[in-house]
Amino acid sequence: QGGGAITKHNQWQNLTRIYHVKQAVTEPNASWQNSAEGKIREAKRGIRKFTRRKNSPKRLWCFLGELVMNLRRVSASNIPSLRGRTPHENVLGFTPDITPFIQHEWWDWIYYLDHNHEQKLGKWLMPATNHGGGDAYWILPETCHPIVVSTVWTIPDEDMKEEEKASERATFLANIMSKLWNR
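The rules behind the values
Residues numbered from 1 in each chain as written. Predicted model: local features only at pLDDT ≥ 70, side-chain atom pairs only at ≥ 80, totals over all residues. Heavy atoms only, no water. Helix = DSSP H or I, 4+ residues; strand = E, 2+ residues; numbered from the N terminus. Buried < 20%, exposed > 50% of the residue type's maximum accessible area, 1.4 Å probe, protein only. Phe/Tyr/Trp six-rings, centres within 6.5 Å; stacked < 30°, edge-to-face > 60°. Lys NZ or Arg CZ within 6 Å of the ring centre and 35° of its normal. Patch = residues over 30% accessible without salt bridge, like charges linked within 9 Å, V, L, I, M, F, W, Y side chains within 5 Å. Areas by Shrake-Rupley, 256 points an atom, 1.4 Å probe, with all protein chains shown as cover. Salt bridge = Lys/Arg side-chain N within 4 Å of Asp/Glu carboxyl O. Lys, Arg positive; Asp, Glu negative; His and termini not counted. Charge placed at Lys NZ, Arg CZ, Asp CG, Glu CD.

Residue position: D157 is located in helix 6 (residues 157-161). Since its relative accessible area comes to 55%, D157 is described here as exposed.

Quick look at the structure:
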């Protein structure tokens with residue numbers, strides 16, 4: 001390249017020098033040398049586990065992947081360097097609020113209020129951490145277009161047993177299956 005143009009490689013080298021980024025090269029085909037590879041493997045394992053256990057559409061993997069990684073971020077693990085703290089706490093210095101992650105589980109049936117304040121049926125996907133005041137959630141309504149809402153609650157046991165409500169849920173799932181099931 002002529003004329004003094006800076007190549008992408010040179011731009012990268014300049015940035016690593018400016019920000020004091022330590023670089024290392026791993027041996028080809030030696031994924032154990034890069035700790036991020038293990039985290040990616042665990043994320044994939046979590047996505048597969050939840051998808052199978054809850055029988056949810058594979059096409060929603062991006063939401064599930066974010067949920068799995070957020071759960072890892074706010075949960076303590078046996079990593080010795082963290083000394084029993086969560087990765088979130090280790091980086092930011094304070095214990096995370098796990099409430100949005102434990103109120104519902106992936107692909108649980110929920111009720112929510114739509115923009116007309118009507119109770120609607122949906123499936124819970126994950127907390128919408130960058131929306132609202134910390135109490136917003138991604139849900140999947142019957143339209144199959146995920147939305148963010150703040151008013152979400154678990155379906156009561158009596159509704160889960162009622163035949164008419166069971167029929168509504170079956171219709172809901174049939175609609176979901178026809179639009180985005182594992183294509």
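Next up on the list: the packing of aromatic side chains. In total, this model carries five aromatic pairs according to the counting rule given. Plain terms: the ring middles of W109 and F172 are 5.3 Å apart, the flat faces sit at 65° to each other, and that makes the pair edge-to-face. Of this pair, W109 sits in strand 1 (residues 109-113) while F172 sits in helix 7 (residues 163-180), placing them 63 residues apart in sequence. Take F172: its relative accessible area is 1%, and that puts it in the buried class. Above the plane of the ring of F50 lies K49, whose end atom (NZ or CZ) is 5.1 Å from the centre.

Before going further, it helps to examine a negative patch on the surface. Residues D157, E158, E162, E163, E164 and E168 make up a contiguous surface patch of negative charge. Mapped by element, the contributors of at least two residues to the negative patch are helix 6 and helix 7. Among the elements that take part in the negative patch, helix 7 stands out by supplying three residues, more than any other. Mapped onto the elements, E168 comes out in helix 7. By relative accessible area, E168 is classed as partly exposed at 36%.

Here we take up unusual backbone geometry. Not every positive phi belongs to a glycine, and N55 is a case in point at roughly 55°. Although it is not a glycine, W107 sits at a positive phi angle of roughly 65°. Structurally, W107 is set in the loop between helix 5 (99-102) and strand 1. With relative accessibility at 4%, the residue W107 sits in the buried group.

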